[in-house]
Amino acid sequence: KLAAQGACVAIADINEAGMAEVAADFGKRFGKNNVHTVNLDVTSEAAVIAGFSSVIARFGGLDIVVNNAGIAIPAPAESTSLDVWNKQMAILGTGYFLVGREGFRILKQQNCSGSMIYIASKNGMVASPGTSAYGAMKAAEIHLARVLAAEGAAFGIRVNTVNPDAVLRGSKIMSEGFRQSRANSLGIKPDELEDHYRKRSLLQRSVYPEDIAEAVYWFASDASNKSTGNIINVDAGH
């Protein structure tokens, strides 16, 4: 969505093969000069700093930061191991902090305003059984974004959050193991998940990646230049 609207896009991922595939597609559709890739482990402070430096060297500056590394390992609280807790905290907590902090620093140094968008989750606002680590970290992301909004306002740096719910199509988070776990907790079959999520929403509609992209684009664009510290729930009314 952002590339289609004329943005130069840097794709950052720990999955180099998947990233290369997306970059090749973007290059064909939007021009090779408008896409850049950064192999990035968001849990590494040095990697995050180097990643942003690579983007600035390629494009000459920074305007938009979409903070959206993802992982989900479902388990009831009583059976959540410390390793499972720490892995999700490293990516969804520390990772979002490091990417947010470095992006914020650069936008402040540039003194040209900017927009940061955090991709959290409805789980940060609505508790779901079996998601103690994931839900806790998503709640932390939402509040971290609002703290940065308060700190960035004087510099024209807007920080907002998009909360998706149940985006199954194209999601690597929704792996077979995750689908099975969620299905088991709900007492349904894995292939019934999408219908279950659709029916539990007020609008009775499924949520797709392009729906999330529209919300991100709105927060990135000047159409939302009076909004900071805000949250859009893209969840069909869950």
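This write-up is about the structure you can find in this document. (Residues numbered from 1 in each chain as written. Predicted model: local features only at pLDDT ≥ 70, side-chain atom pairs only at ≥ 80, totals over all residues. Heavy atoms only, no water.)

**What to know about the packing of helix α3 (residues 82-110) against helix α4 (residues 132-152)**
Helix packing for two helices is described by the angle between their axes and how far apart those axes are.
Okay, so step 1: Orientation of α3 relative to α4, taken along the N-to-C sense of each, is 15 degrees, at an axis distance of 9 Å. With respect to their mutual orientation, α3 and α4 come out roughly parallel. The two elements α3 and α4 meet at a crossing, and its hand is right-handed. Counting all contacts with α3, which are made through W85, Q88, M89, L92, G93, Y96, F97, G100 and F104, the residues of α4 involved are S132, A133, Y134, A136, M137, K138, E141, L144, L148, E151 and G152.
Okay, so step 2: By residue class, the composition of the contact of α3 with α4 is 12 nonpolar, 5 polar and 3 charged. (Axes fitted to C-alpha atoms, helices over the stretch in contact; angles between N-to-C directions. Helix = DSSP H or I, 4+ residues; strand = E, 2+ residues; numbered from the N terminus. Parallel < 35°, antiparallel > 145°, perpendicular 65-115°, else oblique. Left-handed = near helix turned anticlockwise from the far one by under 90°. Contact = heavy atoms within 4.5 Å. Nonpolar A, V, L, I, M, F, W, Y, C, P; charged D, E, K, R; others polar.)

**Topic: the nonpolar core**
Okay, so step 1: Residues M116, V159 and V162 are the most contacted members of the largest nonpolar core, which totals 38 residues.
Okay, so step 2: Mapped onto this core, the elements with two or more residues apiece are α2 (45-59), α3, β4 (114-119), α4, β5 (157-164) and α7 (209-220).
Okay, so step 3: It is α3 that provides the largest number of residues to this core, a total of 8 residues.
Okay, so step 4: Residues in contact with V159, not counting those within four places in the same chain, are M116, Y118, A145, L148, A149, T228, G229 and N230. (Core = buried A, V, L, I, M, F, W, Y, C linked by side-chain atoms within 4.5 Å. Buried < 20%, exposed > 50% of the residue type's maximum accessible area, 1.4 Å probe, protein only.)

**With respect to the pairing of β5**
Okay, so step 1: Within β5, 8 of the 8 residues are buried, which leaves it mostly tucked inside the rest of the structure.
Okay, so step 2: Residues I157, V159, T161 and N163 point to one face of β5 and R158, N160, V162 and P164 to the other, with burial holding for every one of them.
Okay, so step 3: Here β4 runs beside β5; their pairing, made up of 6 bridges, is parallel. Its bridge partner being in β5, G114 is matched across the sheet by I157. (Pairing = 2+ DSSP bridges.)

**Quick notes on the packing of α2 against α3**
Okay, so step 1: Orientation of α2 relative to α3, taken along the N-to-C sense of each, is 40 degrees, at an axis distance of 10 Å. Between α2 and α3, the angle is such that the two are oblique. In this structure, α2 meets α3 at a crossing whose hand is right-handed. Residues E45, V48, I49, F52 and I56 of α2 form the contact with α3, whose participating residues are L98, V99, R101, E102, G103 and I106.
Okay, so step 2: Within the contact of α2 with α3, the residues separate by chemical class into 7 nonpolar, 1 polar and 3 charged.

**A look at the pattern of salt bridges**
Okay, so step 1: Throughout the structure, instances matching the rule amount to 5 salt bridges.
Okay, so step 2: Here K1 ties to E214 by a salt bridge, and the two come within 3.2 Å at their closest N and O atoms. On the criterion of sequence distance, the pair formed by K1 in the segment before β1 (9-13) and E214 in helix α7 is long-range, its members being 213 residues apart.
Okay, so step 3: Given a relative accessible area of 43%, E214 falls into the partly exposed group.
Okay, so step 4: E45 is paired through a salt bridge with R101; the nearest N and O atoms lie 2.5 Å apart. One end of the pair, E45, is in helix α2; the other, R101, is in helix α3, and 56 residues separate them in sequence. (Salt bridge = Lys/Arg side-chain N within 4 Å of Asp/Glu carboxyl O.)

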